[in-house]
Amino acid sequence: MPGLNALVVEDSPLMRQLIVYALRQIKDLRVVEADDGVDALRKLQGDRFDIVITDINMPIMDGLKLVRRIRSDEHHREVPIVIITTEGAEEDRQRALSLGANAYIHKPIRSHQVISKVKELLKLA
Amino acid sequence: MAESESNPKGGGGEETDLLGRREDFIKTFFRKGAELTEELLEENERLRYKMVALEHELSALRSSNAGDGATAIRELSKRIQQLEEERSNLLKGFSAVEARSRDYEARFRQIEEENERLANLYVASDQLHSTLDLREVLQIILEIVLNFIGAKQFSIHVLDEETKRLFPVAAEGMAVADAPELPLDTAAVAAALRSGTPYLASEMSPSAPADGAPLAVIPLHLRGQAVGAVVIYRYLVQKKEISEVDHALFRLLAAHAATAILGARHATGAGERPLTRAAFNALLG
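> Describe unusual backbone geometry, listing the residues and the values that go with them.
Residue and element names in this part refer to chain A. The amide bond that connects K107 to the next residue, P108, takes the cis arrangement and shows omega of 0 degrees. Inspection of the secondary structure assignment puts P108 in the loop between β5 (103–106) and α5 (111–121). Notably, I60 is not glycine yet its phi reads approximately 70 degrees, a positive angle. Summarising the element assignment, I60 is placed in the loop between β3 (51–55) and α3 (63–71). Despite not being glycine, K123 has its phi angle at roughly 55 degrees, a positive value. What makes K123 exposed here is its relative accessible area of 74%.

This is how it looks when you write it as structure tokens:
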């Protein structure tokens, strides 16, 4: 399984570190970090990614806009997207799914949930 | 015979010839009859012998078959018994494998839980000590409680060394101004600060108690001295229990959050002055 890349988009360093820590347990998965949607788009332009994990609430460009931009980009429209949501954000979650996100994870997140969801979408399970 | 005797002379040659032929015929008839009878008797005898022989053969065959059947039944019974034993052994083996599988599964869950705990502790600890900026430290504590523990409404309090009350310095799910100042004799707070271990309400509910009592109080202390507390009023709806990971995070916060807060305060040069609400708020700007 050479060359699988994941992009983690999260403004909270704490959450980002936890997600990255979890993803690094998946063999041969390279993890790239982005602080927000704009940073994510910049990194998407310069690389090929097999999965994107993004928070919804972020400054500058939030997760919903990012999902829409990814789905309208011919190079990345097929990439699986996992969104991270909080309680009470049902509307955001539904919107993200309708925009093309493939799955979601609730906070508080657990690393095994992240691993299993990513493996499932990358068909590594 | 009577006719030949009545015409011994006067019948002439024809009659004699006829009688002779008749006699020959009768003789032949009787001879052939005798021969046939003889043959029939012989055949009868032969068949009788044959029948006796067949009866013997049949009898022998019957007894032979009877013997083979019993042997076959014995063999089959033995085989059935062997198969039953094999089945029993297989079932025992299957049960053992199943039990081992359950053990592995339980062990896997334990390892997963342990890994989860270590990941959360490592990241939380790493982040707590990654800055000496007081605002950042408070933000990191908020994020740990919100994102790792899964609290929805809570506040961080620091102990005013002069008034001996816990004043709020940061909050989530409520405005800091709305978070109450807590006297040290508040039941839950007193219990947590006195014991140095978190106070946890007996009921795990996502809704805040009607009386405003906290669901959890995590004491923040340094070298046995109370520095503050994290007070949780509500959990996220999806949080169903306080797990081992949560307990480990409570312990980590109890020991490290106070160090991080006081370290950041010292870094501003305010460490020598008494820690009061006014002084602390001044540091936050």
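> Which residues make up the sheet that holds strand β4 (residues 199–200) of chain B, and what values go with them?
Residues and elements named next belong to chain B. The antiparallel open sheet is built from 6 strands, whose spatial order is β3-β2-β1-β6-β5-β4. Each end of this open sheet is capped by a strand with a single partner; those strands are β3 (182–183) and β4. Across 2 bridges, strand β2 (residues 165–172) lies against β3 in antiparallel orientation. Within the sheet, the bridge partner assigned to R165 lies in β3 and is P183. This element, helix α4 (residues 187–195), spans β2, β3, β4, β5 (216–222) and β6 (225–235) of the sheet and lies at about 40 degrees to β5.

> Lay out the interface of chain B and chain A with the relevant residues and their values.
Contacts between chain B and chain A engage 25 residues on the former and 16 residues on the latter. Of the roughly 1,900 Å² buried where chain B meets chain A, counting both sides, 52% is carbon and sulfur surface. It is E116, N147 and Q238 of chain B that lose the most area in chain B upon contact with chain A, and together they represent 30% of the buried surface on that side. Along the contact surface separating chain B from chain A lie 1 salt bridge. Within the residue set of the side of chain B that touches chain A, elements represented by two or more residues are α2 (12–128), α3 (134–149) and α5 (244–267) of chain B. No other element matches the 10 residues that α2 of chain B contributes to the side of chain B that touches chain A.

Conventions and cut-offs
- Note on numbering: residues in each chain are counted from 1, in written sequence order.
- Chains and ligands are labelled sequentially in the order written, the chains with letters from A and the ligands with numbers from 1.
- Where totals are concerned, whole chains, interfaces and linings use all residues; where local detail is concerned, this predicted model gives features only for residues with pLDDT of at least 70, and gives and counts side-chain atom pairs only at 80 or more.
- Side-chain calculation: all heavy atoms of the structure are included, whereas hydrogens and water are not.
- Helix and strand assignments come from DSSP, with helices taken as H or I runs of at least 4 residues and strands as E runs of at least 2, each series counted from the N terminus.
- Relative accessibility thresholds used throughout: buried, under 20% of the residue-type maximum; exposed, over 50%; partly exposed, between the two (1.4 Å probe, protein chains only).
- Two strands qualify as a pair provided that DSSP identifies no fewer than 2 bridges between them.
- Residue contacts follow a heavy-atom distance rule, with two residues in contact if any of their heavy atoms lie within 4.5 Å.
- Note on definitions: angles span 0 to 180 degrees between N-to-C directions of axes, and those axes are lines fitted to C-alpha atoms, for helices only across the stretch in contact.
- Two parts placed together each lose some accessible area under a 1.4 Å probe, and the buried area is that loss summed for both.
- A side-chain nitrogen of Lys or Arg and a carboxyl oxygen of Asp or Glu constitute a salt bridge if their distance falls within 4 Å.

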